[in-house]
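Overview (structure and organization)
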Amino acid sequence: MAATMRALFVFLLPVLLITSRLAGGSPPPDPVSCAHDGTSNCTVTNTYGSFPDRTICRAANATFPTTEAELVAAVASAAAARRKVKVATSHSHSFPKLACPGGRDGTIISTARLNRTVAVDASRRLLTVESGMLLRDLVKVAADAGMALPHSPYWYGLTVGGMLATGAHGSSLWGKGSAVHEYVFGIRIVTPAPASQGFAVVRELNAGDPDLDAVKVSLGVLGVISQVTFELQPQFKRSVTFVTRDDKDMPAQLAAWGGLHEFGDVAWLPRQGKAIYREDNRVAVSTPGNGLNNYLGFRAQPTLGLLTARVAEERLEENGTDIARCLAARLPAVTFELQAYGFTNDGVFFTGYPVVGFQHRIQASGTCINGRDDALLSACTWDPRIRGPFFYQSGFSVAMSKVPAFVADMQRLRDLDPRAFCGMDAKLGVLMRYVKASSAYLGKAEDSLDFDVTYYRSYTEGVPRAHADVYDELEQMALRKYGAVPHWGKNRNFAFDGAIDKYPKAAEFRKVKDRYDPEGIFSSEWSDQVLGIKGSPNVVGAGCAIEGLCVCSDDSHCAPEQGYLCRPGKVYADARVCRFERTRLVDEL
């Protein structure tokens, strides 16, 4: 998940960022909320407060095990009653409904209290932790033992189990690659069982077990992961420099960049015609420097500033001109660049590149979850308790062999109407990270480049976004023309339609699922749709394309009364997008 969340607030004044060096804001609320005794009549959501279809997910009860024995008992109880079960994490950063059991009779099992270190074997470089441990704590425990997790997402508010369920990753094609699941040495997972076995069993899988390739990216449909053993590396340092260049040669640069820099990524600002290249490599531990990554977008922000920023964004989105939106969109990128994106050379001050620091201080950040409750005077940018920034995030991976052609198509789409892309610039552009091919059945089948796109979402259902057609065409072009696969923890519904067919070993995954959970206790309507078992993730109806629940095939799927009609793409003609047509609107009036 998570990860990979980038600067998600828009149009914040520089003074807001300058004053954002708070000790920490009010931590985000628990995604599981229960009306009676804290365990029954429950709802579950994600950290953003809304799933893509805006529905409220309900469950009959929730349980918060603190030991593996309690976890086994929780699974056994649900399996004996044949109740649907889903796992929720402490922050729940997945956009899709992975944590929703469906209906009102299901059970939520939260791993929030399964967050301890189980064993440290420094001689073998093995670290065993419970699945609810945050990435923040995982990398610290490893560092305290002189070890490092080689790769991770950039946001450290994800849990171990959540990262594995969704295939979370950083950026690298080197070695085993950037996906966290590539460093799994063993897993203990609790699955349903026959009555003769007490309705639940603990399965222990170690390196070499073929089932590990199913369990280490599982979407949570095989059971509840109890413990994970990681194979780590000796502690090391990294050297980070950000370089901004013209984007004219970006297709060729992207094809080579992943081979040049072990942790390199690229952020594209399409309207500005710039690409921000991250030169990020491993260096000797003796290299001077104690740098720290405290990314600006993941710090606690003053709530008043977040509210003000959202009001300004809504006014620009709904009533502003392209020129006004584009002028405003330049501010975040300039502010972040001036403040080195939150990197410092010594944990306090930025004095210049490169920033050199130990892996656990560089690889991820997220200080907005660290503070004590301050009555919501400050919070994470996306905290659903305040009417702050609200957004969608799409993530999809294109095979490296197709990246130059896809990026060239993106640039052609941009060149047709550069101002239409200012909304992307406002969210610090399109983040591109490298992901290596994996043996995991639901991991990447080929070396790929992952594209993360964050964009405005209205609090009101059915309200169109300005220039939504270019975002939708870009996504459809990636998914359909270039065969991209969607990130399991991001995206709106339509991105998952037919996605499972792009995984060569999907059938093997389903076989393991049938063995581990033949009654489908851990399956839901959503997971069955995504895995191609039953139904479609598309929800077709009036306005469905505006919400990303379908690809339009009729004007009614857009917002014809507001001038948004279903039209072909401009570069990818097979795309179907909701485009604003002023002439048609005037005619109708």
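Please refer to the structure higher up on the page.
I will try to describe carefully the structure that is included in this document. (Residues numbered from 1 in each chain as written. Predicted model: local features only at pLDDT ≥ 70, side-chain atom pairs only at ≥ 80, totals over all residues. Heavy atoms only, no water.)

**Description of the state of the cysteines**
For the record, the criterion: Two cysteine sulfurs form what is called a disulfide whenever their separation falls within 2.5 Å. Strands are runs of DSSP state E lasting at least 2 residues, helices are runs of H or I lasting at least 4, and numbering of each runs from the N terminus. Partly exposed residues are those whose accessible area sits between 20% and 50% of the maximum for their type, while under 20% is buried and over 50% is exposed, using a 1.4 Å probe and protein chains only.
In total, this model carries seven disulfides according to the counting rule given. Through a disulfide, Cys 57 is tied to Cys 100; the S-S separation comes to 2.2 Å. Judged by the sign of its S-S torsion, about 100°, the bond between Cys 57 and Cys 100 is right-handed. Here Cys 100 lies in the loop between strand E4 (85-88) and strand E5 (107-110) and Cys 57 lies in strand E3 (residues 57-63), a separation of 43 residues in the sequence. Pair check on accessibility: Cys 57 and Cys 100 agree, each one buried.

**Some thoughts on the packing of aromatic side chains**
Note the cut-off: Note on aromatic pairs: the rings of Phe, Tyr and Trp (six-membered ring only in Trp) are paired at centre separations within 6.5 Å, and the planes decide the class, stacked below 30 degrees, edge-to-face beyond 60, tilted for the rest. Distance and angle both matter: a charge sits over a ring if NZ of Lys or CZ of Arg is within 6 Å of the ring centre and within 35 degrees of the ring normal.
The tally for this structure, following the rule as stated, stands at 25 aromatic pairs. Relative to Phe 298, the ring of Trp 155 lies with its centre 5.0 Å away and its plane at 70°, an arrangement referred to as edge-to-face. Of this pair, Trp 155 sits in the loop between strand E8 (147-148) and helix H4 (160-166) while Phe 298 sits in the loop between strand E16 (292-293) and strand E17 (301-302); the two residues are 143 residues apart in sequence, bridging distant segments of the chain. The pair formed by Trp 155 and Phe 298 is uniform in burial state, with each residue classed as buried. Taking 5.0 Å as the distance between ring centres and 90° as the angle between the ring planes, the aromatic pair formed by Phe 406 and Phe 451 counts as edge-to-face. A residue pair is termed long-range when its members are at least 10 positions apart, and Phe 406 in helix H10 (residues 403-416) and Phe 451 in strand E23 (residues 448-456) qualify at 45 residues. We note that Phe 406, like Phe 451, is buried. The ring of Tyr 154 is capped by Arg 433, whose NZ or CZ atom sits 5.7 Å from the centre of that ring. In this structure, Arg 465 packs its charged tip against the face of Tyr 471, placed 5.5 Å from the ring centre.

**Some words on the pairing of strand E9 (residues 184-192)**
The condition that has to hold: Paired strands, as defined in this entry, are two strands with at least two bridges between them according to DSSP.
The element E9 is largely enclosed, with a buried count of seven among its nine residues. Pairing of E9 with strand E11 (residues 224-231), which is carried by six bridges, proceeds in the antiparallel orientation. Bridge pairing in E11 places Ile 189 opposite Ile 225. Strand direction decides the pairing type here: E9 and strand E10 (residues 200-206), joined by seven bridges, are antiparallel. Paired with Ile 187 across the bridge in E10 is Leu 205.

**Comments concerning the nonpolar core**
The condition that has to hold: We define a nonpolar core as any set of buried Ala, Val, Leu, Ile, Met, Phe, Trp, Tyr and Cys residues linked to one another through side-chain atoms lying within 4.5 Å.
Formed by 75 residues in total, the largest nonpolar core has its most connected members in Leu 138, Ile 187, Leu 222, Phe 230, Leu 442 and Trp 488. Counting residues per element, this core draws most heavily on helix H3 (residues 135-144), at five residues.

Everything listed is a geometric property; what it means functionally is a separate question.
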